[in-house]
2 protein chains.
Amino acid sequence: MNKEKMKILITGVSGFVGHHFLQYLYDNKIEASVCGIDISEPAYNIREYDGFLSVTYRKIDLLDKESLASLFEDFVPDYVLHLASFSSVAYSWKHPEESFVNNTNIFLNLITAIQTHNINCRILSVGSSEEYGIIDQDEIPLSEDKEVRPISPYAVARVAQEMLSKLFVDSYHVNIIMTRSFNHIGPWQDSRFVVPSFIKRIKEIKDAGYKRGIIETGDIGIVRDFVDVRDVVHAYYLLLTKGRVGEIYNVCSGKGIKLEKIVKMIADEIGIYVETKLCEQLVRPNDNPIIVGNNHKITDELGWKPNIPLETTIKNMIDQGE
Amino acid sequence: MNKEKMKILITGVSGFVGHHFLQYLYDNKIEASVCGIDISEPAYNIREYDGFLSVTYRKIDLLDKESLASLFEDFVPDYVLHLASFSSVAYSWKHPEESFVNNTNIFLNLITAIQTHNINCRILSVGSSEEYGIIDQDEIPLSEDKEVRPISPYAVARVAQEMLSKLFVDSYHVNIIMTRSFNHIGPWQDSRFVVPSFIKRIKEIKDAGYKRGIIETGDIGIVRDFVDVRDVVHAYYLLLTKGRVGEIYNVCSGKGIKLEKIVKMIADEIGIYVETKLCEQLVRPNDNPIIVGNNHKITDELGWKPNIPLETTIKNMIDQGE
């Protein structure tokens, strides 16, 4: 029997999560025809993933409706993993309107193009733990049914995307599954993010021959829920293929860790002693002291669980550059 | 003493509410310098309002950041009444992305231009009762603290605008006051809206010489909260000048009325007998049976109350064309 390969569209394929999702498909020998789109070419070689997979890249801006239309004339996906996003909270404060356009509007363009072309597919709309916003400490760990009270333009755009997803599910029966994804970390992550930036600076101290050093940080007393990106892409694959349409799923470890503990883990692994110094400029104006998610919904429904311990993630991140 | 006139910017001045707001300022002999902007020229003559007022019109698209910047170089408002909007629910289903752009993005452009020019003003951000969305009947009349569950792209855009307003208040101390405005009706309203369309068609029957007739309608069993636009603009003036920054105010009559009752009131006033016939195409897919607001917040805090009885509004609407 000549079963046709599943077809997967990945938006934002050039990013950190897009790269890991391809790696996941490859490692799990999933037979699929993948079209990855992005506004900039992947910095990794997509040819490495050929085999069970066939991967093509197309440079497409989701704001450009015409090229989106031409995409769907050539490629009719069974699954759409919508990763494309301007996901920086800080950027969204500087350029709120751009942040909106590059989250909400690109999502609307994608969904309406799929509707216009009458494509029957399942779509994973990736959201953020930032949507929760103002949190009472007795609401920790955060469940999906908690009311959202976003506190950045980025978070408002994500809430809008989620509300729109629900509308399209309810009114047009578009098959959308939604996530609220917590902080993900792992190899290949850009050093602008907090954990890679700690690693980079602590390595630099070691590489300069010192046994001890000081790094400047923001508020490292805050507690966050970190989940390895390789666990995240596993969750995304399960949600995309088996998640319930119209539902929102937290993607998180369910465990909180203080940033200062992470600094210590990195320093221990690298083998030097590190002190931290608070830099006021790195402290965010309205940060929550604790953000930890409840992952019972996805674990109960889909059997997903985070498999990679934080120690392993950090070790892998330290080792990747060597 | 040469007191400087207050300066008011009205966005969407060419619309129904913009026109009535000017009329309100004029009738109440409020001394003000008004700049009205819109993408299309007013169909009424702004010169009629000269006197205590000085009114100028500028054709400005809020999506055009450059002309917005040049506006604020010439005109530094003390008050901004932000009426500009694509406010059709039906249109938002056909063109969700446009609806977003013309609600959320124009709002963001306006606020960021005001910030960039360091203008110290009070802004009224007009929202909609549509934001409430899915309603349990025991939540009627709706209070401002009810959780919003929007059920159209238009409503999501309004919720996003309101969430963004709160952020700008909390994080940048921009002086924004917000409304959730219920159905407004009154003279000069476009006949695409429900009550003027009833009036138009019932008048046509009378004008054709009949004593009785039939009109096709959507579901007229639904209950809505109608407030006269002249009461609305009074509320907007009070909110703009005295409302509490960062707060949301329902603008509504607090009373529910069935649309079928309105049909009867119009027919009685016009003096003919009208039957109605349900037209499936006019029935909305996900309409709430009852939407009625609670106006205690604005009545208690600002002493506003709706002054014009529905009978008078309808009589005025019928008489306007004669």
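See the structure shown above.
Report on the accompanying structure. These numbers come from a predicted model, not from an experiment.

Within chain A, the secondary structure is distributed over 10 helices and 13 strands. Its C-alpha atoms give chain A a radius of gyration of 20 Å, within 12% of the compact-globule value 20 Å for 322 residues. Within chain A, the fraction of its 322 residues that count as buried is 56%. Taking contacts inside chain A between residues at least 6 apart in sequence as the whole, the part at least 24 apart equals 79%.

Let us now look at empty space enclosed by the protein. Residues and elements named next belong to chain B. Counted according to the given criterion, the structure contains 1 cavity of 30 Å³ or more. What lines the largest cavity is Ser125, Val126, Gly127, Glu131, Arg158, Gln161, Glu162, Met178 and Thr179. Here the residues of the lining of the largest cavity sort into 2 nonpolar, 4 polar and 3 charged.

The next thing to look at is the packing of aromatic side chains. Residue and element names in this part refer to chain A. Within the structure shown, the criterion is met by 19 aromatic pairs over all chains. Judged by centre distance (5.4 Å) and plane angle (45 degrees), the rings of tyrosine 24 and tyrosine 237 are tilted. Pair noted here: tyrosine 24 is in helix H1 (residues 16-27) and tyrosine 237 is in helix H7 (residues 229-242), with a separation of 213 residues, a long-range link. With a relative accessible area of 13%, tyrosine 24 lands in the buried category. For tyrosine 237, a relative accessible area of 14% corresponds to the buried category. An aromatic cluster of three or more residues is present, and its members are Phe21, Tyr24 and Tyr237.

Moving on to the interface of chain B and chain A. Counting residues at the interface gives 27 residues for chain B, matched by 27 residues for chain A. With both sides pooled, the region where chain B packs onto chain A buries about 2200 Å², and carbon together with sulfur makes up 75% of that total. One can count 2 salt bridges joining chain B with chain A. Here lysine 65 of chain A makes a salt bridge to glutamate 97 of chain B, at a shortest N to O gap of 2.7 Å. Taken together, chain B and chain A are joined by 2 residue pairs in polar contact (both at pLDDT 80 or more). Across the side of chain B that touches chain A, the residue classes break down as 17 nonpolar, 7 polar and 3 charged.

Attention now goes to the sheet that holds strand S5 (residues 122-128) of chain A. Residue and element names in this part refer to chain A. One open sheet holds the 7 strands; their spatial order is S3-S2-S1-S4-S5-S6-S11, and the pairing between them is parallel. The open sheet has two edge strands, strand S3 (53-59) and strand S11 (248-251), and neither has a second partner. The mean inter-strand angle of the sheet, taken between neighbouring strand axes irrespective of direction, is 20 degrees. Two strands pair when backbone bridges link them, and strand S2 (residues 32-38) and S3 are joined in this way by 7 bridges, in the parallel orientation. Bridging across to S3, glycine 36 finds its partner in tyrosine 57. Sitting on the sheet, H7 is in contact with strand S1 (6-11), strand S4 (79-82), S5, strand S6 (175-181) and S11, with an inclination near 140 degrees to S5.

Looking now at unusual backbone geometry. Cis geometry marks the peptide bond from isoleucine 140 of chain A to proline 141 of chain A, where omega comes out at -5 degrees. Relative to the elements of secondary structure, proline 141 of chain A occurs in the loop between S5 and helix H5 (153-172). One non-glycine residue with positive phi stands out, namely asparagine 118 of chain B, at about 55 degrees. By secondary structure assignment, the location of asparagine 118 of chain B is in the loop between helix H4 (96-116) and strand S5 (122-128). A positive phi is found at histidine 173 of chain B, a non-glycine position, where the angle reads about 55 degrees. Looking at the secondary structure, you find histidine 173 of chain B in the loop between helix H5 (153-172) and strand S6 (175-181).

Calculation criteria
- Residues numbered from 1 in each chain as written.
- Chains lettered and ligands numbered in written order.
- Predicted model: local features only at pLDDT ≥ 70, side-chain atom pairs only at ≥ 80, totals over all residues.
- Heavy atoms only, no water.
- Helix = DSSP H or I, 4+ residues; strand = E, 2+ residues; numbered from the N terminus.
- Rg over C-alpha atoms; globule rule 2.2 N^0.38 Å.
- Buried < 20%, exposed > 50% of the residue type's maximum accessible area, 1.4 Å probe, protein only.
- Contact = heavy atoms within 4.5 Å.
- 1 Å grid on protein atoms, 1.4 Å probe; cavity = no way out; pocket = protein on both sides within 12 Å on 5 of 7 lines; lining within 4 Å.
- Points joined across faces, edges and corners; volume = space filled by probe spheres on them.
- Nonpolar A, V, L, I, M, F, W, Y, C, P; charged D, E, K, R; others polar.
- Phe/Tyr/Trp six-rings, centres within 6.5 Å; stacked < 30°, edge-to-face > 60°.
- Buried area = accessible area lost by both parts, 1.4 Å probe.
- Salt bridge = Lys/Arg side-chain N within 4 Å of Asp/Glu carboxyl O.
- Polar contact = N/O pair within 3.5 Å; in protein donor to acceptor, adjacent residues only side chain to side chain.
- Pairing = 2+ DSSP bridges.
- Axes fitted to C-alpha atoms, helices over the stretch in contact; angles between N-to-C directions.

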